[in-house]
Every structure is written in C-alpha cells, then in structure tokens.
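Examining the three-dimensional arrangement
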Amino acid sequence: GTALNDFLYSAVRNLDSRQGRPVVILLSDGVDTLSFLRMEEVIWKLRRSDAVIYRVQVQESAARGLGYATVWRSMKQQKREVEGLDRAVSESGGRVRILQSIDELPAALDEILLELRQQYVLGYYSTVAHEQDRFRPVSVRVDRPDADVRTRSGHVN
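I will try to describe carefully the structure that is included in this document. (Residues numbered from 1 in each chain as written. Predicted model: local features only at pLDDT ≥ 70, side-chain atom pairs only at ≥ 80, totals over all residues. Heavy atoms only, no water.)

1. Here's the deal with the environment of F135
Mapped onto the secondary structure, F135 falls in strand β4 (residues 135–137). Relative accessible area serves as the criterion here: at 26%, F135 is assigned to the partly exposed category. F135 sits 23 residues away from I112 along the chain, and the two C-alpha atoms are 27 Å apart. Residues within four places of F135 in sequence aside, it is in contact with R47, S153, G154, H155 and V156. (Helix = DSSP H or I, 4+ residues; strand = E, 2+ residues; numbered from the N terminus. Buried < 20%, exposed > 50% of the residue type's maximum accessible area, 1.4 Å probe, protein only. Contact = heavy atoms within 4.5 Å.)

Quick look at the structure:
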C-alpha cells in the first residue's frame, strides 16, 4: 500500500524549514491506497509553501491502480485523487514526466536537475492589502515565443 498524500504533505511540511529551493521528486503511479489525508489537504499545504513537485511515472503503471476501490475511497474518488495529484504538481510549477521504461529514470532525473539549475526565481511585493489565508492567482507573461514558462498558479498570504 501507498500513503502518497500523507507522504507529500509531510515532505512539503519538512521542506518549509529548510533553506534553498524546496523540491519533491516523486516516483509513483499516483495511486494512494492508505493515506488519511485527501489530496485537497496536500494542495492546501502546497499553496502555503514554496515547494515544487515533479512526478515521474513509468507508462506501464499509468492506469493500473485506477480500476479498484480501497478501504478509504471508491474508484471514482481514487480517480479524483490522481487528478488532484496532477493538479498539485501543475500548481506547484512542476510537471509530470512519463517514462516508457524504468531504464529512462537516470536521464529523466538529469533532465529535472538541469531544469532546476536553469530556472529563474521572481519575487514581488503586492501594493494591495489582502486578506490573510486567501489564495491569490499569479500569472507571468514572457515576450519571447521560444521561452518555456511554467509558474506556480498562485500563493496564499
């Protein structure tokens, strides 16, 4: 069994107290079978963090776990949790990398590390006072058509 949601929440929480760029690289089919937490709670924590999630998945495991229910979730809820994981990855500014075989893992990890080394970090101060604990969407536009831009979807202040 896999307590994926519980692990991600704990990983993001533990990274909050560390210096540097907080990154989680998750090798998983995305199916959670044992967590007490729902993915919505992980997303809540992620929005209050600077952590970025990269998910690496072997193609053959892509739909394996979606066809059954667990003690905690029905098949429909299980599918919703996996979709929530993909949303969490996207909202964090990370991405999902699908591998054809496990042999591609070293190259995929090198690719992620290279991407992390080539990122820019932008910051800003809002000129508008905001309510506490409210999600604020953020968008970034770049005038170079060849630029690959991926950002967090927003933040909570």
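2. Topic: the nonpolar core
L8, V24, M39, L46, I53 and L85 are the most contacted members of the largest nonpolar core, which has 16 residues in total. Counting residues per element, this core draws most heavily on helix α1 (residues 4–15), at five residues. Ignoring sequence-local partners within four residues, the contact set of L46 consists of V12, A51, I53, A88, S92 and R152. Formed by seven residues, the second largest nonpolar core is a distinct cluster that contains V52, V56, L99 and L105. (Core = buried A, V, L, I, M, F, W, Y, C linked by side-chain atoms within 4.5 Å.)

3. Thoughts on the pairing of strand β2 (residues 52–58)
Counting buried residues along β2, seven of its seven residues qualify, which places the element largely inside the surrounding structure. Judged by which residues are buried, β2 turns out to be covered on both faces: V52, Y54, V56 and V58 on one side and I53, R55 and Q57 on the other are all buried. Of the strand pairs in this sheet, strand β1 (residues 23–27) and β2 are connected by five bridges, and their pairing is parallel. When the bridges of β2 are listed, L27 appears paired with V56. Viewed along the sheet, the connection from β1 through helix α2 (residues 39–47) into β2 turns out right-handed. (Pairing = 2+ DSSP bridges. Right-handed = clockwise from strand over helix to strand, strands pointing away.)

4. Quick notes on the packing of α1 against α2
Here α1 crosses α2 at 10 degrees, and the two axes come no closer than 9 Å. One element, α1, and the other, α2, form an angle in the roughly parallel class. In contact with N5, L8, Y9, V12 and R13 of α1, α2 contributes M39, E41, V42, W44, K45 and L46. When its residues are assigned to classes, the contact of α1 with α2 shows seven nonpolar, one polar and three charged. (Axes fitted to C-alpha atoms, helices over the stretch in contact; angles between N-to-C directions. Parallel < 35°, antiparallel > 145°, perpendicular 65-115°, else oblique. Nonpolar A, V, L, I, M, F, W, Y, C, P; charged D, E, K, R; others polar.)

Geometric descriptors of this kind do not, in isolation, establish any biological role.
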